Amino acid sequence: MVQLFILLVANCQPQLSYNGLTTAIEWDNYSFFILGNRTFIQSGEFHMWRLPVPSLWRDIIQKAKAAGLNTISVYFHWGLINPRPGEVDLTGINDYQPFFDAAKEEGIWVIARPGPYINSETSTGGIPGHVAWIPGDPPWNLYNGELRSNDTFYHAAWQDYWTGVISLISKNQVTNGGPVILLQIENEYYNGPGQNQYVDQLRQRAIQLGVVIPTFVNDAGEFDNLVNDTDLYGFDAYPLSASGCGNANPAIWPAIPTTWRAYFDATVPGKPHFFPEFQGGSADNWGSTGGYANCRELVGYNFQRVFYHQMWADGATAENFYMFYGGTTWSQLPYSQGYTSYDYGAPITAKYGELKLQSLFLRSFTDFYMTDLIKTDTTTVPNVFITQLQNPLSKSSFYIFRPNSVATTNTTINFQYNIGQANTLVPQNGASLTLLGRDSFVIATDLSFGTSKLQYSTASLLTFLELDGSDLLVVYGYTGMPYEMAFELSGAVTQIITGPTQVTGKATNGTYILNFSPSTGVTLVNLTTPSGQDIAVLIADYNAATQIWQPTIAGRGNFVNYVGMSASTPLIVSGLYLVRNASLDEQNLALWGDVGENTKIEIFGPSVIASLTWNNDLVQTLTQTGTGTWQAIIPFSTPLVSLPDLESATWRYRDSLPEIQPDFDGFAMVPANQTTTTSVFPPYYGEPWILYADQYGFHAGNLVWRGTFMHNSSTTAPTAINISSSGAVNYAASVWLNTNYLGASDTRARTNNNTFPVSDESLIDGENTVVVLQDHMGGDLSGQDMCCTPGGRARDLQQPRGLQGYYLGGLYGERAGWHLPGYDDSLWEERTPFQGIAQPGVGFFRTTFQLDLPENYDIPLSFVFDSTIGHYRSQLYVNGWQMGKRIANIGPQTAFPVHEGILDYHGINTVVLSLWALGNGTADRAIPSFKLVANGTYAGGIQGISTNNPDWTELRGNFGVPL
Ligand code: GAL
């Protein structure tokens, strides 16, 4: 009945149902339906704002599509879009219309997650500084307004952002022909008096702005929060913990959760089991020892196999991997504990193969979208946890095998098991199923593909396609491990094997059984019968399987590139680094993708193919094989990549701490002269001035405080200066009296109370200057300090940064625009960052170089600092964008990737380093080395990347800032 109804809907315009929701997105207890099609939402998270080059967004979309995903989930960043009260900027890097358009064109749905609060390891979870410090709602609240609540001032604060961002999302809903299918409200939020009301206010406003797709919340775990406050509910799961993965021990895993299915069934009966975030990697923190390499190992291929399969076992049919592509938390966007890279150990850089294998399976075998739990079995095979799922209509079953415990296990278990409608003990040939210590596999039984029927396969299913009237099933397994497959096939079967794997076949009573152990590469098994019932099986070893691509071919009408709508998948390509796209026009197969070496490929596709183009060039080597497949060599020629040697480049230097000079003119600083605060964290002493940077509109970056006091021989000489500074863990502060460096607070504590002795000689008769330079480090995340913060949860976002009558500003070099291209440094002293500065202080170093990299290649570049430990902090600015921050005594990041688009690959580039020396040792006052390196060379990639880097004249000169 359900399916009949679906067909009807698919042919109609989406309607609005009685509650105002569109019928374009529906669900039952098994899964979602998109435009009438039962859909397994297989999604990856991507933040456009972490890749601030709009022309590269399509690159990520294409890589998601090629991995077999059908959806991308995106956070929006309130602080970037609404940086000042009343200003909503949806232009430039905030203009997401090209992203929505590209997603639609490529055939990817979008889950929109505009917050307003997003967490996401970004400063204050995305809440702009001007909002974090809103006043309270008098008279009942003396302090700052309660963020993320129905507080009057907070309510007023989100209106502009929400109206702007929701209008954009609304315009791109699937009902308007766009790709957006779901809208998340808030993030990881809680039940509470003003909180449920707030979530409702956000949702109602979204509806007013035209939202007709379902809304949902993302609970922070199985916590029953806001379950019925929106249309749908999901929770996020990070079984290996969400941050600090650089210090974790990859050999130790926690137990695999077994509560997910029961929790969903009890909490949201009748709704799909939906994970708006499931661990796709992990965030790393300042000071981690292993960095992202360690995270990638911890949350690696084994984790994907065991935990993602477990999610399936618990009935998930909507899963979003956070992150698919991590990117860069550039400038001052990181939260207090996060460093610049948001690599996240995400699958686009590693683990892509396993994600693709799982996603193509899900894309191809739609019987999996509707299953009931038949049993979990933990007793038949000691130490093995087995889940059987079954499609109630087709009776296909899926048996998911995994070790009972994976805490530390590394043992291999061999066994046989009864499966399928026929209850067959497999393998029938007497061999064993093998479960490796930290692995998992799925056995499908009684499964139709095309017009053929698989009785079972102990090899993993990848995909299937119809090839000129016969069905081709693609399977894979580990090299050397035995597998068995059984097909319904009657009559005399002729078996032809092409490829390296030895395959034996045996016919009994209408069943044809194959046994094999995959050899390296792909092997085609053609089974033909006199009745014309033909089946082909392509067997790949695991690694070869990860090199198999199944691009979509556009159909007709609307949503032409969406699988499940009108797109088709009539061919596979084996043996390439990346296939982004394909088209089949008349007899020409056109493929687009990336390749890093001469590559032999094989194409399994319809017989009409007569020619092949690769990235628009005709491939001359195409030949057809005896079995009807095509082979070709995709050529690669190594281009000349010449990069500048930054160590022998000319650098120019200028001191960036003129504030310590007695005659400093106060350039671009604001008076810090407020005497009252609504902060719940009271200053300790030093009345009357309130020295909290956020109170003056400084919400990030390096902060310079400058104050003066009078002294002469008739007053008692101070013997010490006491500074209580407050930042986040990992902040630091340096203190000067007149031009004398007094020292640093750099303990990795949240606040420091330092007493710096003052000698008589360092005092001036008259006006004395005290300068404090501190690192803001970005805001905290909600809940970070739940244990110890007065006032509760929302207060964590309002931790002050500052000192407890000064002038306040950012780094002088930033105020003056020395980090920008086009600034005239010709009169600056010639000096390199490797020579550094003479004493603790701040210097800016500038250089420029020309790049002229070959066209039609993807050549990722990184700037790499030396890993030597030194007591300095350095910010890297590339063509005006702050693309990195190195803290050389905390680490761990030394390599800072910078994309084409920020870098001009065909022009002049300006690179600037700030150097804040906190100590007086040689390693504290200079950067030992700094290089530009290429991280690979691939022919292909996205072409026509535009650069948009405003220069000094535009950003400073036009405002009258002196050179
Ligand atoms: C989730 C949160 C995300 C991100 C993630 C950890 O709980 O929703 O925004 O912070 O944790 O990387």
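Residues numbered from 1 in each chain as written. Predicted model: local features only at pLDDT ≥ 70, side-chain atom pairs only at ≥ 80, totals over all residues. Heavy atoms only, no water.

With that settled, consider the sheet that holds strand 10 (residues 273–279). Read from one edge to the other, the open sheet built from 8 strands follows the order 9-8-7-6-5-4-11-10, with strand pairing classed as parallel. Two strands in the sheet have a free side with no partner beyond their single neighbour: strand 9 (232–235) and strand 10. Averaged over all adjacent pairs, the angle separating strand axes in this sheet is 30°, with direction ignored. As paired strands, strand 7 (residues 180–184) and strand 8 (residues 215–219) are joined by 2 bridges and run parallel to one another. Within the sheet, the bridge partner assigned to Gln184 lies in strand 8 and is Phe216. (Pairing = 2+ DSSP bridges. Helix = DSSP H or I, 4+ residues; strand = E, 2+ residues; numbered from the N terminus. Axes fitted to C-alpha atoms, helices over the stretch in contact; angles between N-to-C directions.)

In the region of the ligand, 15 residues are neighbours, and Tyr75, Asn119, Glu121, Glu188 and Tyr344 sit closest. Between the ligand and Ser120 there is a distance of 2.8 Å, counted from an oxygen atom to a backbone nitrogen or oxygen. The contact in question runs from an oxygen atom of the ligand to an N or O atom on the side chain of Asp236, over 3.3 Å. Considering the ligand on its own, with 310 Å² of exposed area, one finds that the protein chains cover 95% of that surface. Its residues assigned to classes, the shell around the ligand comprises 7 nonpolar, 4 polar and 4 charged. (Near = heavy atom within 4 Å. Polar contact = N/O pair within 3.5 Å; in protein donor to acceptor, adjacent residues only side chain to side chain. Areas by Shrake-Rupley, 256 points an atom, 1.4 Å probe, with all protein chains shown as cover. Nonpolar A, V, L, I, M, F, W, Y, C, P; charged D, E, K, R; others polar.)

It is worth spelling out the nonpolar core at this point. Core analysis: the biggest nonpolar cluster contains 203 residues, and Phe76, Phe99, Leu182, Phe278, Leu612, Phe863 and Phe930 have the highest contact counts within it. It is helix 6 (residues 152–171) that contributes the most residues to this core, 9 residues altogether. Aside from chain neighbours lying at most four places away, what touches Phe930 is Leu646, Glu647, Trp651, Phe834, Phe863, Val864, Phe865, Leu876, Val911 and Leu913. Within the second largest apolar cluster, 55 residues are counted, among which are Leu360, Leu362, Tyr476 and Val493. (Core = buried A, V, L, I, M, F, W, Y, C linked by side-chain atoms within 4.5 Å. Buried < 20%, exposed > 50% of the residue type's maximum accessible area, 1.4 Å probe, protein only. Contact = heavy atoms within 4.5 Å.)

In the UniProt entry, the feature "domain: Beta-galactosidase" (unreviewed entry) is given for residues 367–548. Within the segment residues 367–548, helix and strand shares are 3% and 55% respectively, and the terminal C-alpha atoms sit 22 Å apart. (UniProt positions renumbered as here; feature names shortened; annotations may be inferred.)

For the rest of this paragraph, the subject is the sheet that holds strand 22 (residues 470–477). Pairing between the strands of a sheet comes from backbone hydrogen bonds, and it takes one of two forms, parallel or antiparallel. One open sheet accounts for 5 strands, arranged 21-22-28-27-24; its pairing is mixed. Across the chains shown, the open sheet's two edge strands, defined by having one partner strand only, are strand 21 (460–467) and strand 24 (494–498). Each neighbouring strand pair of the sheet contributes to a mean axis angle of 20°, computed without reference to strand direction. One ladder, built from 6 bridges, connects strand 27 (residues 522–528) with strand 28 (residues 535–541); its direction is antiparallel. Looking at the pairing, Asn526 lines up with Ala536 of strand 28. Here helix 11 (residues 352–364) sits on the sheet and contacts strand 21 and strand 22; the angle it forms with strand 21, its principal contact strand, is near 50°.

This part covers helix 10 (residues 301–313). Taking 1.5 Å of rise per residue, 13 residues should cover 18 Å, and helix 10 covers 18 Å from first to last C-alpha, within 8% of that figure. The complete set of buried residues in helix 10 reads Phe303, Gln304, Arg305, Val306, Phe307, Tyr308, His309, Gln310, Met311, Trp312 and Ala313. A positive phi of about 85° marks Gly315, the residue just after helix 10. (Expected span 1.5 Å × (residues − 1).)

A separate point is the pattern of salt bridges. One side chain can pair with another of opposite charge once the charged atoms of both are near each other. Scanning all chains against the criterion turns up 22 salt bridges. The partner of Asp59 in a salt bridge is Arg580, and the shortest N-O contact between them spans 2.7 Å. Taken together, the residues span a long stretch of sequence, with Asp59 in helix 2 (residues 57–66) and Arg580 in strand 31 (residues 578–585) at a distance of 521 residues. Taking the relative accessible area as the measure of exposure, Arg580 reaches 5% and is therefore buried. (Salt bridge = Lys/Arg side-chain N within 4 Å of Asp/Glu carboxyl O.)

Bringing the environment of Asn958 into the picture now. Take Asn958: it is sitting in the segment after helix 15 (952–955). For Asn958, a relative accessible area of 56% corresponds to the exposed category. Sequence separation between Asn958 and Leu932 is 26 residues; the distance between their C-alpha atoms is 32 Å.

Now for empty space enclosed by the protein. Taken as a whole, the largest cavity encloses approximately 170 Å³ of empty space. Taken together, 18 residues line the largest cavity, and the ones lying closest to its centre are Thr434, Phe441, Thr458, Met481 and Tyr483. Listed by contribution, the elements that provide at least two residues to the lining of the largest cavity are strand 18 (433–435) and strand 22. The element that contributes the greatest number of residues to the lining of the largest cavity is strand 18, accounting for 3 residues. Among the residues forming the lining of the largest cavity, the class breakdown is 11 nonpolar, 5 polar and 2 charged. Considering only enclosed or pocket space, the second largest cavity measures out at about 120 Å³ in volume. His309, Val442, Ser460, Leu461 and Tyr476 are the residues nearest the centre of the second largest cavity, which is lined by 14 residues in total. Elements represented by at least two residues in the lining of the second largest cavity include exactly helix 10, helix 11, strand 19 (441–449) and strand 21. For the lining of the second largest cavity, the element with the most residues is helix 11, which contributes 4 residues. Taken together, the residues of the lining of the second largest cavity break down into 9 nonpolar, 3 polar and 2 charged. Each of domain 1 (40–364) and domain 2 (370–449) gives at least three residues to the lining of the second largest cavity. (1 Å grid on protein atoms, 1.4 Å probe; cavity = no way out; pocket = protein on both sides within 12 Å on 5 of 7 lines; lining within 4 Å. Points joined across faces, edges and corners; volume = space filled by probe spheres on them. Domains from an automatic or database assignment.)

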